[in-house]
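Survey of secondary and tertiary structure
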Amino acid sequence: MSNAPRIYFLGIGGTLMGNLAILAKQAGYSVSGYDGKIYPPMSDQLANAAITVYEHFEPSHLVPSPETVVVGNASMPRGTPALEFVLANGIPYQSGAEWLGETILRSRHVIAISGTHGKTTTTAMVAWILHCAGKRPGYLIGGAAQNFEQAAELGTGSHFVIEADEYDTSYFDRRSKFRHYRPKTLTIGNLEFDHADIFEDLEQIKYQFHHLIREIPSNGRIVVPARHQEILELLERGCWTPVVNFHIDEQTAIECNVDYSATSTSSDGREFDVFRGKCKLGTVHWPLLGLHNVSNAMCAILAAEHAGVEPEESIRYLPQFKGVRRRMETIAERGNTTIYSDFAHHPTAIRASLEALRSHVGTQSIIAVIEPRTHTMSLGTYRDALKDCCVAADEVHWYRNDSIKWNLDELASDCVMPTTIHSDIDELVECICSPKPTKTHVVIMSNGGFDGIFRLVGEQILQG
């Protein structure tokens, strides 16, 4: 019988919890856990890590008591039999973020990647740069980075790169997850209102960010875009850490009052020059699209610099960065039609993704297919912003799932481009896959399963 300390994960099938379980296994724990039905890719990743997973909870799983039970957030509310057993029997428990902060991150140089958009891509970039530089980093990425076989790695070096989410920690801890990570390096790529299910306004989000900033040491680094008004206002509340800023200049002028800047030398962001002041450090040629990804790259370059990798070195590594799945990822092609999957689920992200594709394909047709699935989107918080966030597309199709709490028909009458509302997924798939007379790019945008649309589209394409 193994003498390794036991740890049990409630909600092990979720992206965060499953990857934490993998990190625990790498750290030498005896790991098991429970969730409802668990699907690929997480089910495969847990099996490959030889982690015992139960799809039905039995009290015997927790007898004798493990060292701790790590409790997931959304999937394990009060009233869940497994959680009630833990509480009734006084078994030690923690949130996933708390366990990670105390157990894995405590002795590491934590590089936290935060912001409303771009966290997953930027986290993967920093991990890739440090990997190429021989730093042997640990990392936890909230998506499938195409340069790595798995989303979580303990690493043997001193650095740990983590996607720093502002969402709350658990039912018993309403602090943002990133409050548990105690980073030495922090990037804030952007800052907007989101997560309307837990935050009333942007002010509440800034409150969490301010307290995160209060915990960063004076020998740390904070990386921010130079002209982001909300971030500037946040830093004015108090900052005891050196701040390094950057500017993305779409034209050719280099701002003298910023630390670093990037100038896109192609219309689609696939080539850009990097400057320190007025000194050109190098040029990045890479496969990613859009100025938003140039901004992500600058965050990554400057975070890696604080970890000991010179910007010139990062510039050499970024061309081999393949991106993250479901970020303008081509998933099917037939005839004149190319179909992409994109994770954009906020008006700003939707606009950035579509504008990036437009700059790449020129006058070819773009069709946006969007599921407003998040709590913020389903509640109608952004209904006004949604009316013009798709201006780069030629037509837009919105999908009305069962969670929508407002009348999507408003978009059909108010949008500035041809707009259709769908409630039938099969009808929508038929519309997407029907033959197109000219070259057409269909972008399916959602942060969830979209009622199986990706599988259905693939099947329809294969059937020809």
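For the structure, see preceding data.
Residues numbered from 1 in each chain as written. Predicted model: local features only at pLDDT ≥ 70, side-chain atom pairs only at ≥ 80, totals over all residues. Heavy atoms only, no water.

What follows concerns the environment of Met417. Relative to the helices and strands, Met417 is located in the loop between α12 (409-414) and β22 (419-422). On the basis of relative accessibility, which here comes to 9%, the residue Met417 falls in the buried class. Separated by 24 residues in sequence, Met417 and Ala393 have C-alpha atoms that sit 7.8 Å apart. Sequence-distant contacts of Met417, that is, excluding residues within four places in its chain, are made with Cys390, Val391, Ala393, Asp394, Glu395 and Val396. (Helix = DSSP H or I, 4+ residues; strand = E, 2+ residues; numbered from the N terminus. Buried < 20%, exposed > 50% of the residue type's maximum accessible area, 1.4 Å probe, protein only. Contact = heavy atoms within 4.5 Å.)

Right, let's talk about the nonpolar core for a bit. Core analysis: the largest hydrophobic core is formed by 48 residues, its most contacted members being Phe9, Trp99, Leu100, Ile162, Tyr181 and Ile188. The leading source of residues in this core is helix α1 (residues 15-26), at 6 residues. Those residues in contact with Tyr181 that lie beyond four places of it in its chain are Ala97, Leu100, Leu105, Val110, Ile162, Glu163 and Ala164. Residues Ile111, Phe148, Val294 and Ile301 belong to the second largest nonpolar core, which totals 41 residues. (Core = buried A, V, L, I, M, F, W, Y, C linked by side-chain atoms within 4.5 Å.)

We now examine the packing of helix α5 (residues 119-132) against helix α8 (residues 291-306). Taken N-terminus to C-terminus, the directions of α5 and α8 make an angle of 40°; their axes are 9 Å apart at the nearest point. Accordingly, the angle class assigned to the pair α5 and α8 is oblique. The handedness of the crossing between α5 and α8 comes out as right-handed. Residues Thr121, Thr122, Met125, Val126, Ile129 and Leu130 of α5 form the contact with α8, whose participating residues are Asn293, Asn296, Ala297, Cys299, Ala300, Ile301, Ala303 and Ala304. (Axes fitted to C-alpha atoms, helices over the stretch in contact; angles between N-to-C directions. Parallel < 35°, antiparallel > 145°, perpendicular 65-115°, else oblique. Left-handed = near helix turned anticlockwise from the far one by under 90°.)

This part is about the pairing of strand β23 (residues 440-445). Burial analysis of β23 places 6 of its 6 residues in the buried class, the great majority of the element. Side chains Thr440, Val442 and Ile444 project from β23 onto one buried face, and the interleaved His441, Val443 and Met445 project onto a second face that is buried too. Sheet topology note: the strand β19 (residues 337-342)/β23 ladder contains 6 bridges and is parallel. Considered in β23, the bridge of Asp342 is made with Met445. Bridge count for strand β20 (residues 365-370) against β23 is 6 bridges, and the pairing is parallel. From the neighbouring strand, Ser365 faces β23, where its bridge partner is Thr440. (Pairing = 2+ DSSP bridges.)

A few words on the sheet that holds strand β15 (residues 260-264). Taken in spatial order, the 10 strands line up as β8-β7-β9-β6-β12-β13-β14-β15-β16-β17 in an open sheet, and their pairing is mixed. With one partner strand each, in any of the chains shown, β8 (152-153) and β17 (279-285) form the two edges of the open sheet. By the bridge criterion, 4 bridges tie strand β6 (residues 109-114) to strand β12 (residues 185-188) in an arrangement that is parallel. Paired with Ala112 across the bridge in β12 is Leu186. Its contacts with the sheet place helix α7 (residues 229-236) against β12, β13 (221-225) and β14 (243-249), and it is angled at close to 150° to β13.

Before going further, it helps to spend a moment on the sheet that holds β20. Overall, mixed pairing links the 6 strands, which are arranged β18-β19-β23-β20-β21-β22 in an open sheet. Whereas interior strands pair on both sides, the edge strands pair on one side only; in this sheet they are β18 (329-334) and β22. If you compare each strand with its neighbour and ignore which way they point, the axes differ by 20° on average. Against the sheet, helix α10 (residues 347-361) touches β19, β20 and β23, its axis set at about 165° to β23. Across the sheet, helix α13 (residues 425-433) touches β18, β19, β20, β21 (395-399), β22 and β23, and the angle it forms with β21 is around 160°.

Here we take up the packing of aromatic side chains. Throughout the structure, instances matching the rule amount to 10 aromatic pairs. Each ring, one from Phe9 and one from Trp99, has its centre 5.9 Å from the other, and the planes form 80°; the classification is edge-to-face. With Phe9 in strand β1 (residues 6-10) and Trp99 in helix α4 (residues 96-104), this pair connects stretches of sequence that are 90 residues apart. No difference in accessibility class separates Phe9 from Trp99, as the two residues are buried. Arranged with centres 4.9 Å apart and planes meeting at 85°, the rings of Tyr171 and Phe172 form a pair that is edge-to-face. According to the relative accessible area criterion, Tyr171 is partly exposed, its value standing at 23%. Residue classification places Phe172 among the partly exposed residues on the basis of a relative accessible area of 29%. Connected via pairs of aromatic rings, a cluster forms that spans Phe9, Tyr29 and Trp99. Over the aromatic face of Phe343 sits the side chain of Arg327, whose NZ or CZ is 4.2 Å from the ring centroid. (Phe/Tyr/Trp six-rings, centres within 6.5 Å; stacked < 30°, edge-to-face > 60°. Lys NZ or Arg CZ within 6 Å of the ring centre and 35° of its normal.)

Turning our attention to the side chain of Ser295. Within the secondary structure, Ser295 is located in helix α8. With residues near it in sequence (within four places) discarded, Ser295 still touches Phe246 and Ile248.

Here the focus is the side chain of Ser170. Relative to the helices and strands, Ser170 resides in strand β10 (residues 168-170). Residue class for Ser170 comes out buried when judged on its relative accessible area of 0%.

Ala82, Leu83, Phe85 and Val86 are the residues of helix α3 (residues 81-88) that are buried. Along the long axis of α3, the arc covered by the buried residues comes to 155°, so they all point the same way. Residues of α3 that are exposed and point more than 90 degrees away from the buried face comprise Pro81 and Ala88. Backbone geometry just downstream of α3 places Gly90 in the positive-phi region, at approximately 65°. (Arc of directions from axis to C-beta.)

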